[in-house]
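Observations on the three-dimensional arrangement
Each chain, written out:
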Amino acid sequence: MHDNLVLEPRDVHFDWSQLPLHWIPDEPMATHTINVLHLLLPEGERWFVKVFKEALPLIRDDQLREEVLGFIGQEAIHAEAHQEVLDHLLGQGLDPRPYVRQITWLFRRVLGDKPGLTSRQHRENVIERVAFIAAIEHFTAFLGNWALNSPGLDRAKADPTMVDLLRWHGAEEVEHRSVAYDLMRHLDPGYLRRVRGMAVSGPLLIHLWIRGTRFMLAADPSLNGSLVPTWREAQKAAKRGLLPEPARFLRSALRYFSPSYHPTKEGSSSQALAYLAKSPAARAAATH
Ligand SMILES: [Fe+2]
Ligand SMILES: [Fe+2]
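I will try to describe carefully the structure that is included in this document. Being a predicted model, the structure only gives us computed values, none of them experimental.

Turning next to the coordination of the iron ion (ligand 1). Coordination of the iron ion (ligand 1) by the protein is provided by Glu45 (OE), Glu75 (OE), His78 (ND1), His169 (NE2) and Glu173 (OE), with metal-donor distances spanning 1.9 to 2.2 Å. Separating the iron ion (ligand 1) from the iron ion (ligand 2) is a gap of 3.7 Å, which Glu75 spans by donating to each of them. In this pair, Glu45 sits in helix 1 (residues 28-55) while Glu173 sits in helix 6 (residues 160-175), placing the two residues 128 residues apart along the sequence. Classification of Glu45 as buried rests on a relative accessible area of 0%. A relative accessible area of 2% places Glu173 in the buried class.

Below you can see the structure in the form of structure tokens.
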């Protein structure tokens, strides 16, 4: 089922010293809605790496093991790239730590490894967490595909370094979009597992995103709590091409339940690779 990927971790670096607080000029709501990525991803992607390392001994397919190792390498770099943005926000007077502490608790305590399980229970627990990740990776590929096709960000003169971060990361998400799904199917091909993964991850992700956007707007020292996110505002920002359309996002989530679903049917690998060939950060990483 998988498509013989050779996944290469690209050791990118970004200079955030010139990043404005509202990196989409005059669009604090769209800026902070996208900034939720920086709140969720460092801990989230570190958790992916941990779970996938635990899954390695369960893999009985050499090609898939190589893909999982490539995935681990890419996600580890993604986590650190977003962490640097968080550190920069703190330096600008927007303290993300109260929200990040909750996310850390969620991924390390609630979704972390459970001591004292039998080997059978441990295997089941790993597969269940892989299924959560497979569903989340459906969304990261959706968002990556959006980032690669988001001329609205360029029209709005969004900060080019941040746009490159979003598109570089988005392109790697599209590039490795099948790995978590193929790993889940390798460990348990059952439809119920897939459905359960999405039933848990989908609503949780939406909940965290809404809370995260509210948190960022409230914590932004330049706004004095004057801006509260609404669906209407999100729709309007989406119409301007600054955010994905909420309806499109929900339709995409529903496609995951189709019996014939496979991540390769979403997004374009060749478009992702074409961006990675021209991304300033990926090109600089390739010459090091
Ligand atoms: Fe990632
Ligand atoms: Fe990913």
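For the rest of this paragraph, the subject is the coordination of the iron ion (ligand 2). Protein-derived ligands of the iron ion (ligand 2) are Glu75 (OE), Glu137 (OE), Glu137 (OE), Glu173 (OE), Glu173 (OE) and His176 (NE2), with the metal-ligand distances lying across 2.0 to 2.7 Å. Here the iron ion (ligand 2) binds six donor atoms, and the angle range of 53 to 148 degrees at the metal identifies the geometry as irregular. Read in sequence order, the donor residues coordinating the iron ion (ligand 2) give the pattern E-x61-E-x35-E-x2-H.

This next bit is on the packing of helix 1 against helix 4 (residues 119-148). The relative placement of two packed helices is expressed as an angle between their axes plus a distance between the axes. Running from amino to carboxyl end, helix 1 crosses helix 4 at an angle of 140 degrees, the nearest separation of the two axes being 10 Å. The interaxial crossing formed by helix 1 with helix 4 has left-handed handedness. Only His122, Val126, Arg129, Val130, Phe132, Ile133, Ile136, Glu137, Leu143 and Trp146 of helix 4 make contact with helix 1, whose side of the interface consists of Ile34, Leu37, Trp47, Phe48, Val51, Phe52, Glu54 and Ala55. Looking at side-chain class alone, the contact of helix 1 with helix 4 contains 14 nonpolar, one polar and three charged residues.

For the α-helix, the turn length of 3.6 residues means that residues three or four positions removed from each other point alike. Given a rise of 1.5 Å per residue, 14 residues ought to cover 20 Å, and the 19 Å separating the end C-alpha atoms of helix 3 (residues 97-110) matches this to within 8%. For helix 3, the full list of buried residues reads Tyr99, Val100, Ile103, Thr104, Leu106 and Phe107. The buried residues of helix 3 occupy an angular sector of 160 degrees when projected down its axis, which confines them to one face. Turned more than 90 degrees away from the buried face of helix 3 sit Arg101, Trp105 and Arg109, all of them exposed.

So, about the side chain of Asp159. On the secondary structure map, Asp159 appears in the loop between helix 5 (151-155) and helix 6. Buried Asp159, no salt bridge; nearest opposite-charge side chain is Arg167, N-O distance 11 Å. Within the structure, Asp159 has its side chain in polar contact with the backbone nitrogen of Thr161 (distance 3.1 Å). Sequence-distant contacts of Asp159, defined by excluding residues within four places in its chain, comprise Trp16, Leu19, Pro20 and Trp23.

Per the stated rule, a full pass over the model turns up twelve aromatic pairs. The structure contains a cluster of three or more aromatic residues connected by ring pairs, namely Trp47, Phe48, Phe52, Phe71 and Phe107.

In this structure, Ser201 sits in helix 8 (residues 191-219). Polar side-chain contacts of Ser201 include one of 3.0 Å to the backbone oxygen of Phe132. Setting aside residues up to four positions removed in sequence, Ser201 forms contacts with Phe132, Ala135 and Ile136.

Tallying each qualifying case throughout the model produces 17 salt bridges. With its nearest N and O atoms 2.8 Å apart, the salt bridge here joins Arg255 to Glu266. Of this pair, Arg255 sits in helix 10 (residues 246-255) while Glu266 sits in the loop between helix 10 and helix 11 (269-278), placing them eleven residues apart in sequence. Note on Arg255: relative accessible area 38%, which makes it partly exposed. Linked through salt bridges whose partners overlap, the residues forming this network are Glu124, Glu128, Asp188, Arg193 and Arg196.

What follows covers the environment of Val179. Locating Val179 in the fold gives a position in helix 7 (residues 179-187). Exposure remark for Val179: the relative accessible area of 0% places this residue in the buried category. Along the sequence, Val179 and Glu84 sit 95 residues apart, while their C-alpha atoms lie 26 Å from each other. Excluding residues within four positions of it along the chain, Val179 makes contact with Leu5, Leu7, Phe52, Leu64, Glu67, Val68 and Phe71.

Reading the values: rules and limits
Once a new chain begins, its residue numbering starts again from 1 and follows that chain's sequence as written. As they are written, the chains are lettered A onward and the ligands numbered 1 onward, keeping that order. In keeping with the model being predicted, local features are shown solely for residues with a pLDDT of at least 70 and side-chain atom pairs are shown and tallied solely at 80 or more, while totals for entire chains, interfaces and linings include all residues. As a convention, hydrogens and water are excluded, and side-chain values are obtained from all of the structure's heavy atoms. The donor set comprises N, O and S atoms within 2.8 Å of the metal, extended to 3.2 Å for Na, K and Ca; water molecules are omitted, so apparent gaps in a site may simply reflect that omission. The secondary structure listing takes helices from DSSP runs of H or I that are at least 4 residues long and strands from runs of E that are at least 2 residues long, numbered from the N terminus. Relative accessibility decides the category of a residue: with a 1.4 Å probe and only protein chains considered, values under 20% of the type maximum give buried, values over 50% give exposed, and everything between is partly exposed. In these descriptions, tetrahedral denotes four donors with every angle between 85 and 135 degrees, square planar four donors and octahedral six donors with opposite donors over 155 degrees apart and the rest between 65 and 115, and irregular any other case. Here the axes come from fitting lines to C-alpha atoms, over the contacting stretch only for helices, and the angles between their N-to-C directions go from 0 to 180 degrees. Should the near helix be turned anticlockwise from the far one by less than a right angle, the crossing is left-handed, and should it be turned clockwise, the crossing is right-handed. Throughout, a contact is declared for two residues whenever any of their heavy atoms are within 4.5 Å. Each residue is assigned to one of three groups, with Ala, Val, Leu, Ile, Met, Phe, Trp, Tyr, Cys and Pro labelled nonpolar, Asp, Glu, Lys and Arg labelled charged, and all others, Gly among them, labelled polar. Here the expected length of a helix is defined as 1.5 Å per residue gap, with one fewer gap than residues. Here the arc refers to the set of directions running from the helix axis out to each C-beta atom. Positive charges are assigned to Lys and Arg, negative charges to Asp and Glu, while His and the chain termini are left out of the count. Note on definitions: salt bridges are taken to be side-chain nitrogens of Lys or Arg within 4 Å of carboxyl oxygens of Asp or Glu. Residues adjacent in sequence count toward polar contacts only when both atoms are side-chain atoms; beyond that, a polar contact is any pair of N or O atoms within 3.5 Å, and within protein one must be able to donate a hydrogen and the other to accept it. Working definition: a ring pair exists when centres of Phe, Tyr or Trp rings (six-membered ring for Trp) sit within 6.5 Å. Plane angles under 30 degrees give stacked, over 60 give edge-to-face, the rest tilted.

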